[in-house]
Amino acid sequence: NAGVMQNPRHLVRRRGQEARLRCSPMKGHSHVYWYRQLPEEGLKFMVYLQKENIIDESGMPKERFSAEFPKEGPSILRIQQVVRGDSAAYFCASSPPGTGVNTEAFFGQGTRLTVV
Amino acid sequence: GQNIDQPTEMTATEGAIVQINCTYQTSGFNGLFWYQQHAGEAPTFLSYNVLDGLEEKGRFSSFLSRSKGYSYLLLKELQMKDSASYLCAVLKGGSYIPTFGRGTSLIVHP
């Protein structure tokens, strides 16, 4: 049973380009969470999705950032017109459906985005 | 809002015991997690506490006092591989989304 898979592991983009980060949750998991981690900082929540639904995007910047979790395929975090401040590690976590609030979330290895 | 405070860095000696504290202020409370994160790696789950008291899992134990808004992670018989960042995360009432502290970087030296 593969864990949470994120790709790419490392992504370099020039300012103004688009970044697409992919997350395939663990088999049987239907909840996906995206977090951003800056050096020496904690994990900052961005968005919580279930299949075809955004449940909570309170941590997502209002502009340039979007996320989706289609019925088929991975969850995508999309950053348009990237700026240097977007450089960070982006982690995806997944959890199974309907198992209560004490469900541990399993994290992927993260995508390290560098904007040059 | 939520405030989660942990020390930034701690050092300890191989074979020793170390206690990493976490204090929090939150609107409602639905549990507290501890995660371990090695540099460049994914956070991995260590423990979840929702009731007061101590939970022991091998060399690692986690304690919670809800009235004091306080938790600690206790690591015994420290090994070099325990050098990592330890993240405290809180679930506020009615939420499925853990809010993380900044993490405590633990350095274990021989």
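These remarks concern the structure in this document. The structure displayed is predicted, hence computed values, not measured ones.

For the rest of this paragraph, the subject is the overall build of chain B. Scanning chain B for helices and strands turns up zero helices and 11 strands. What you see in chain B, going N to C, is helices and strands ordered as β-β-β-β-β-β-β-β-β-β-β. A compact globule built from 110 residues would reach a C-alpha radius of gyration of about 13 Å, and chain B, at 13 Å, matches this within 12%. If one aligns the C-alpha atoms of chain B with their principal axes, the spans along those axes are about 45 × 30 × 20 Å. The 110 residues of chain B split such that 47% are buried. For chain B, restricting intrachain contacts to residue pairs at least 6 apart in sequence, the fraction spanning at least 24 positions comes to 56%. Across chain B, 8 positive and 9 negative side-chain charges occur, with their mean positions spaced 7 Å apart.

Our next topic: the sheet that holds strand 3 (residues 18–25) of chain B. Residues and elements named next belong to chain B. The five strands lie next to each other as 1-3-8-7-6, forming an open sheet whose pairing is antiparallel. Strand pairing shows two members of the sheet lacking a second neighbour, strand 1 (3–5) and strand 6 (53–57), which therefore form its edges. For this sheet the average axis-to-axis angle between neighbouring strands, irrespective of direction, equals 15°. Across six bridges, the pairing between strand 7 (residues 60–65) and strand 8 (residues 70–75) is antiparallel. Paired with S61 across the bridge in strand 8 is L74.

All right, on to the packing of aromatic side chains then. Taken as a whole, this structure holds 15 aromatic pairs over all chains when the rule is applied. An angle of 50° between the planes, with centres 5.8 Å apart, marks the rings of Y35(A) and F107(A) as tilted. A residue pair is termed long-range when its members are at least 10 positions apart, and Y35(A) in strand 4 (residues 31–37) and F107(A) in strand 10 (residues 106–107) qualify at 72 residues. Relative accessible area serves as the criterion here: at 1%, Y35(A) is assigned to the buried category. Counting every residue linked through ring pairs, the aromatic cluster contains Y35(A), F45(A), F107(A), F33(B), Y35(B), F45(B), Y48(B) and F100(B).

Right, let's get into the environment of G110(A). Residues and elements named next belong to chain A. Note that G110 resides in the loop between strand 10 and strand 11 (111–115). Judged by its relative accessible area of 0%, G110 is buried. Counting along the chain gives 78 residues from G110 to V32, while the straight-line C-alpha distance between them is 13 Å.

With respect to the helices and strands, R112(A) occurs in strand 11. One buried charged residue, R112(A), remains without a salt bridge, the closest side chain of opposite sign being E41(B) at 7.8 Å. For R112(A), the side chain forms a polar contact with the main-chain oxygen of G40(B), separated by 3.2 Å.

Cut-offs used in this document
For every chain, the first residue of the written sequence is number 1, and numbering continues from 1 along that sequence. Throughout, the order in which chains and ligands are written sets their labels, letters from A for the former and numbers from 1 for the latter. Whole-chain, interface and lining totals are the exception, using all residues; otherwise, since this is a predicted model, local features are given only for residues with pLDDT of at least 70 and side-chain atom pairs are given and counted only at 80 or more. Hydrogens are left out, water is left out, and the side-chain values use all remaining heavy atoms of the structure. To qualify as a helix, a DSSP run of H or I must reach at least 4 residues; to qualify as a strand, a run of E must reach at least 2; elements of each kind are numbered from the N terminus. All radius of gyration figures rest on C-alpha atoms, and the globule criterion is 2.2 Å times the number of residues raised to 0.38. When accessible area is computed with a 1.4 Å probe and restricted to protein chains, residues below 20% of their type maximum are described as buried, those above 50% as exposed, and intermediate ones as partly exposed. Residue contacts are defined here by distance: any two heavy atoms, one from each residue, within 4.5 Å place the two residues in contact. In this charge count, Lys and Arg are treated as positive and Asp and Glu as negative; neither His nor the chain ends contribute. Where a charge lies is defined by one atom per residue type, namely NZ (Lys), CZ (Arg), CG (Asp) and CD (Glu). In this analysis, strands are considered paired if DSSP registers two or more bridges between them. For every element, the axis is a line fit to its C-alpha atoms; helices are fit only across the contacting stretch, and the angle between N-to-C directions ranges from 0 to 180 degrees. In this analysis, rings of Phe, Tyr and Trp, with Trp reduced to its six-membered ring, are considered paired at centre separations within 6.5 Å, and the interplanar angle assigns stacked below 30 degrees, edge-to-face beyond 60, and tilted for intermediate values. Whenever a carboxyl oxygen of Asp or Glu lies within 4 Å of a side-chain nitrogen of Lys or Arg, that contact is scored as a salt bridge. N or O atoms within 3.5 Å of each other form a polar contact, as long as, within protein, one can give a hydrogen and the other can take it, and as long as residues adjacent in sequence are counted only when both atoms are side-chain atoms.

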